[in-house]
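Residue-level listing of the chains:
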Amino acid sequence: MAIQARELTKDYQFGFHDKDISVFRTKKGLSPEVVASISQHKNEPEWMLKFRLKALDHFLKRPMPTWGADLSGIDFNNIYYYVKPVEEQSRSWDDVPESIKNTFDRLGIPEAERKFLAGVSAQYDSEVVYHNIREDLEKQGVLFSDCDTGLREHEDIFRKYFGTVIPPNDNKFAALNSAVWSGGSFVYVPAGLHVDIPLQAYFRINSDNMGQFERTLIIAEEGSSVHYIEGCTAPNYSSDSLHSAVVELIAHPSARIRYTTIQNWSDNVYNLVTKRAIAHTRATVEWIDGNLGSKVTMKYPSVYLMGEHAHAEVMSAAFAGSGQHQDAGSKAIHVAPNTTSNIVSRSISKGSGRTSYRGHIKVLPKAHNVKVNVRCDALLLDEESRSDTYPYMDVDNPDVTIGHEATVSKVGEDQIFYLTSRGVNEQEATALIVNGFFEPFVKELPMEYAVELNRLLALSMEGAIG
Amino acid sequence: MSGAAELDIRGLHATVEDKEILKGIDLRVQQGQVHALMGPNGSGKSTLAYTLMGHPKYHVTSGQVTFDGQDLLSLTADARARLGLFLCFQYPTPIPGVTTVNFLRAALRAQGKEMPAREFLNRLSTEMAELKIDESFRQRYINEGFSGGEKKRSEILQLAMLRPRLAILDETDSGLDVDALRTVAEGVTRLAGPDMGVLVITHYPRILEYLQPDVVHVLHDGRVVTSGGAELAQRIEREGYEPILGAAAAAAPVA
């Protein structure tokens, strides 16, 4: 992803925004009327409107969660919940309006598609403006579209799975998403089919005071496999934006889903996301979750291991610069016997940045011979930075093997001296150590993303040394 | 900047954690010469190495050091390296996640010695073969899980790739078996000469049989107490430090 940097701020190169050209937006704030107007605008079936209104009810009734990051800065009345940027979705870049095209050109999206992707979806504010999938995959029955199209064109499959992994009343922000969701991705991979190069979705917030609530639903049928990648950026506005997604994955027996996220929101975005997967017998679900941006992130990708020999792999990396709080982690719920999970978390805090690892391992009474491995390592770059670990374990079966290891370390004076003694300056030395610390995560990424991530980290490190 | 450069140390005093270790060192390594610095444990040899390279824990309280005529002490460690100074560490620090290849490229770039990828890889292969280092080494993380011998070979590999103007070897011979010692010493000998001077710090004369120093200095209690030719190392081998230190003490002016 060759990205042309136009830096409005020192650290964040995606802070530019384009002129608002939206064709429709709901009025600020949230009400049954706003929710109904979104549903009506999308021409949805009655059951979806009901689903949305019920979810709104849950949202309004539930208190703000206070157990995690500080969310007191969110003003739900000062947010646009739906902003439609264009009338029609395009399958050709030529049809995408110029200013939006410029944005994605700058972010390197069409170039990446040509080079190494099986399909691309680009969401701008509330709607997917461009979407394409390789023809051969489409012919073999792979579905890849935004969720609205999924509902419209494949209602039977959609309805069977939608909201089944994360019900609207799961938590306050899942309820909010369920009420006002728009866009996102709908992926369906038929049995036995391997989509061997990644599908990618790109999420961009452009409008001020905007809430983005994309919804993603991925179904991998028996014995199939798919790798889905998402990336996201937003402009630097003085007021805060809200991103609250819901992502549901269903891995049928012996299927494999890998879901990779490179979250790089600008530091005025509250990023409150619910991600959960169901892994059936012998299925594998892998969450590769990188959090670099946002003001506050609360995100704990989870796997429910429902069938025997199912496996969960969660590899996460978080970087919190000054003013940022990355409250991330993972959950593995072992429902079936002989299931395994491996959770590896790496986090770095700089300046007043704060990282928290919050994990939950649950082993149900019938789940014998379960193997769990949790490892979280935190690196602090200075005296001010902070990291906390909150591991929760509920184990109701004695026949389990659990490994848990957590470390917090500081960049060592001797490491810096060793590297600088070879000619690199202190800032580069720190960047090398930081990149090295994230190496287990980075090597899970496709090469293009690994290069990009290392570059982003180097940018974030600028000015790290006083 | 190329070609060996002269290192000139005058009246160098330095402290570590408020304890004075170097108590007035005078030492000059002329362009392209090989000097050995010997001395018993605790005499200040490694402190001198770290102080010359600019470790932040070592504080210079007085004295001067010039390298190629430039004041070294006002520079940070990375600037000293870019000037052509290299320290072969006695205990190289592990850097998890940073591969030897990536680190070498970053260091070469920082020193303005970047080369095309193909040329870099060819040179790396050649140097690794000379030092009998396995190809798998490229992708290993620097010094992480290295054996004692691997660490030392890795240091010499970096030396060979970076081509400094003066190399300080801090007890590079310690912990090496005879074969590894020969490989490492030959690696240094190959580079030493008009392009690179060497200051080799050691307890043991054995490495000097390979390196053949022009001058041998003996350090004791933070000062150079005597200097001589290669025969001084042979005398230490035969008689140990005590007679030499005793003679030096007797010759010292009485306060």
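Residues numbered from 1 in each chain as written. Chains lettered and ligands numbered in written order. Predicted model: local features only at pLDDT ≥ 70, side-chain atom pairs only at ≥ 80, totals over all residues.

Visitor: Which residues make up the overall build of chain A, and what values do they have?
Guide: Secondary structure assignment for chain A yields 12 helices and 24 strands. Against the globule reference of 23 Å for 466 residues, chain A gives a C-alpha radius of gyration of 21 Å, in line with a compact fold. Summarising its shape, the C-alpha atoms of chain A cover approximately 65 × 55 × 45 Å along the three principal directions. (Helix = DSSP H or I, 4+ residues; strand = E, 2+ residues; numbered from the N terminus. Rg over C-alpha atoms; globule rule 2.2 N^0.38 Å.)

Visitor: Break down the overall build of chain B for me, citing the residues and quoting the values.
Guide: When its secondary structure is counted, chain B shows nine helices and 10 strands. Dimensions along the principal axes, computed over C-alpha positions, put chain B at roughly 60 × 40 × 35 Å. Buried positions account for 44% of the 255 residues belonging to chain B. Taking all contacts inside chain B whose residues are at least 6 apart in sequence as the whole, residues at least 24 apart take part in 73%. (Buried ≥ 20, exposed ≤ 12 C-beta atoms within 10 Å, placed from the backbone. Contact = placed C-beta atoms within 7 Å.)

Visitor: Explain the environment of K410 of chain A residue by residue, including any values.
Guide: You can see K410 of chain A is positioned in strand 24 (residues 400-410). Counting along the chain gives 214 residues from K410 of chain A to D196 of chain A, while the straight-line C-alpha distance between them is 39 Å.

Visitor: Explain the sheet that holds strand 4 (residues 58-67) of chain B to me, and be specific about the residues and the numbers.
Guide: Across a sheet, strands are paired by hydrogen bonds formed along the backbone, either parallel or antiparallel in direction. Residue and element names in this part refer to chain B. Strand order in this open sheet of four strands is 2-1-4-5, and the pairing throughout is antiparallel. For this open sheet the edge positions go to strand 2 (19-29) and strand 5 (70-71), each flanked by a neighbour on one side alone. In this structure, strand 1 (residues 7-16) lies alongside strand 4, joined through eight bridges in antiparallel fashion. For R10, the partnering residue across the bridge sits in strand 4 and is Q64. (Pairing = 2+ DSSP bridges.)

Visitor: Quick one: what's the story with the domain arrangement of chain A, residue by residue and with numbers?
Guide: Residue and element names in this part refer to chain A. Along its sequence, chain A is carved into domain 1 (24-299) and domain 2 (412-466). Distance from the C-alpha centre of domain 1 to the C-alpha centre of domain 2: 31 Å. Each partner contributes residues to the interface: domain 1 has nine residues there, and domain 2 has nine residues. Breaking the side of domain 1 that touches domain 2 down by element, the ones donating at least two residues are helix 4 (109-116), strand 13 (256-263) and strand 15 (284-291). Among the residues forming the side of domain 1 that touches domain 2, the class breakdown is six nonpolar, three polar and no charged. (Domains from an automatic or database assignment. Nonpolar A, V, L, I, M, F, W, Y, C, P; charged D, E, K, R; others polar.)

Visitor: Please give an account of helix 5 (residues 148-162) of chain B that cites residues and values.
Guide: Two residues of an α-helix separated by three or four positions point the same way, owing to the 3.6 residues in each turn. All names here are of chain B. Taking 1.5 Å per residue as the helical rise, helix 5 with its 15 residues ought to reach 21 Å, and the 21 Å between its terminal C-alpha atoms agrees with that figure. In this structure, the buried side of helix 5 is in contact with strand 6 (85-88), helix 3 (100-110), helix 4 (117-130), strand 7 (166-170) and helix 6 (178-191). Following helix 5 by one or two positions, R163 has its phi on the positive side, about 45°. (Expected span 1.5 Å × (residues − 1).)

Visitor: I'd love a proper account of the nonpolar core, names of residues and values included.
Guide: Grouped together as the largest cluster of nonpolar side chains are 213 residues, with contacts concentrated most on A251 and A279 of chain A. Of the domains in this structure, domain 1 (24-299) and domain 2 (412-466) of chain A are the two that each give at least three residues to this core. (Core = buried A, V, L, I, M, F, W, Y, C linked by C-beta atoms within 7 Å.)

Visitor: Describe the packing of helix 1 (residues 32-41) of chain A against helix 2 (residues 46-61) of chain A, and please don't skip the residues or the numbers.
Guide: All names here are of chain A. Between helix 1 and helix 2, whose axes approach to 10 Å, the crossing angle comes to 155°. Our classification of the angle between helix 1 and helix 2 gives roughly antiparallel. Here helix 1 and helix 2 pass one another in a crossing that is right-handed. Across the interface between the two elements, P32, V35, A36 and S39 from helix 1 touch M48, L49, R52, L53 and L56 from helix 2. Taken together, the residues of the contact of helix 1 with helix 2 break down into seven nonpolar, one polar and one charged. (Axes fitted to C-alpha atoms, helices over the stretch in contact; angles between N-to-C directions. Parallel < 35°, antiparallel > 145°, perpendicular 65-115°, else oblique. Left-handed = near helix turned anticlockwise from the far one by under 90°.)

Visitor: Pulling in residues and values, what's your account of the packing of helix 4 of chain B against helix 5 of chain B?
Guide: All names here are of chain B. At a minimum axis distance of 10 Å, the contact between helix 4 and helix 5 shows a crossing angle of 135°. On the basis of their axis angle, the class for helix 4 and helix 5 is oblique. Our pair here, helix 4 against helix 5, has a crossing hand that is right-handed. Residues R123, L124, E127 and M128 of helix 4 form the contact with helix 5, whose own contacting residues are L157, A160 and M161. When the residues that make up the contact of helix 4 with helix 5 are grouped by side-chain class, the tally is five nonpolar, no polar and two charged.

Visitor: Now, about the pairing of strand 10 (residues 223-228) of chain B: what can you tell me, with residues and values included?
Guide: Pairing of strand 9 (residues 215-220) of chain B with strand 10 of chain B involves five bridges; the strand directions are antiparallel. Within strand 10 of chain B, the residue paired with L219 of chain B across the bridge is V224 of chain B.

Visitor: How would you summarise the sheet that holds strand 9 of chain B if you had to cite specific residues and measurements?
Guide: Residues and elements named next belong to chain B. What the six strands build is an open sheet, ordered 6-7-8-3-9-10; its pairing is mixed. The outermost strands of the open sheet, each flanked by one partner alone, are strand 6 and strand 10. Sheet twist, expressed as the average angle between the axes of neighbouring strands with direction ignored, equals 20°. Taken together, the five bridges between strand 3 (residues 34-38) and strand 8 (residues 197-202) define a ladder with parallel strand orientation. Residue pairing across strands places H35 opposite L199, the latter belonging to strand 8.

Visitor: With reference to specific residues and values, describe the environment of S356 of chain A.
Guide: All names here are of chain A. Structurally, S356 can be placed in strand 21 (residues 354-363). For S356, a count of 23 C-beta atoms within 10 Å gives the class buried. It is 9.4 Å that separates the C-alpha atoms of S356 and M298, two residues lying 58 residues apart in sequence.

Visitor: Go over helix 9 (residues 413-420) of chain A, please, and point to the residues and values.
Guide: With six of eight residues buried, helix 9 of chain A lies mostly within the body of the structure. Burial in helix 9 of chain A covers these residues: Q415, I416, F417, Y418, L419 and T420 of chain A. Where the residues of helix 9 of chain A are buried, they touch helix 10 (426-437) of chain A together with helix 2 (77-83) of chain B.

Visitor: Please set out the pairing of strand 6 of chain B residue by residue, giving values where relevant.
Guide: Regular strands place side chains that alternate from one sheet face to the opposite one. Residues and elements named next belong to chain B. Going residue by residue along strand 6, you find L85 and L87 tucked away on one face and F86 and C88 tucked away on the opposite face as well. Here four bridges tie strand 6 to strand 7, and the two strands are oriented parallel to one another. From the neighbouring strand, L87 faces strand 7, where its bridge partner is I168.

Visitor: Let's hear about unusual backbone geometry: which residues, and what values?
Guide: Residues and elements named next belong to chain B. The residue K132 is not glycine, and still its phi comes out positive at about 55°. Assignment of secondary structure puts K132 in the loop between helix 4 and helix 5. A positive phi angle, near 50°, is found at D221, a position not held by glycine. For D221, a count of 15 C-beta atoms within 10 Å puts it in the partly exposed group.

Visitor: So, the environment of S421 of chain A: which residues are in play, and what are the values?
Guide: Its location among the elements puts S421 of chain A in the loop between helix 9 and helix 10. In contact with S421 of chain A, other than residues within four places in its own chain, are M53, A77, A81 and L87 of chain B.

Visitor: Give me the lowdown on the confidence of the model for chain A, citing residues and values where you can.
Guide: Mean pLDDT over chain A works out to 90, with 97% of the residues at or above the 70 mark. In this model, residues 1-10 of chain A is a region of pLDDT below 50 whose contacts with residues beyond four sequence positions or in other chains number 21 contacts. (pLDDT = per-residue confidence, 0-100.)

Visitor: An account of the confidence of the model for chain B is needed here, citing residue identities and associated values.
Guide: With 97% of its residues at a pLDDT of 70 or more, chain B has an overall mean of 93. Complex prediction metrics read pTM 0.85 and ipTM 0.96.

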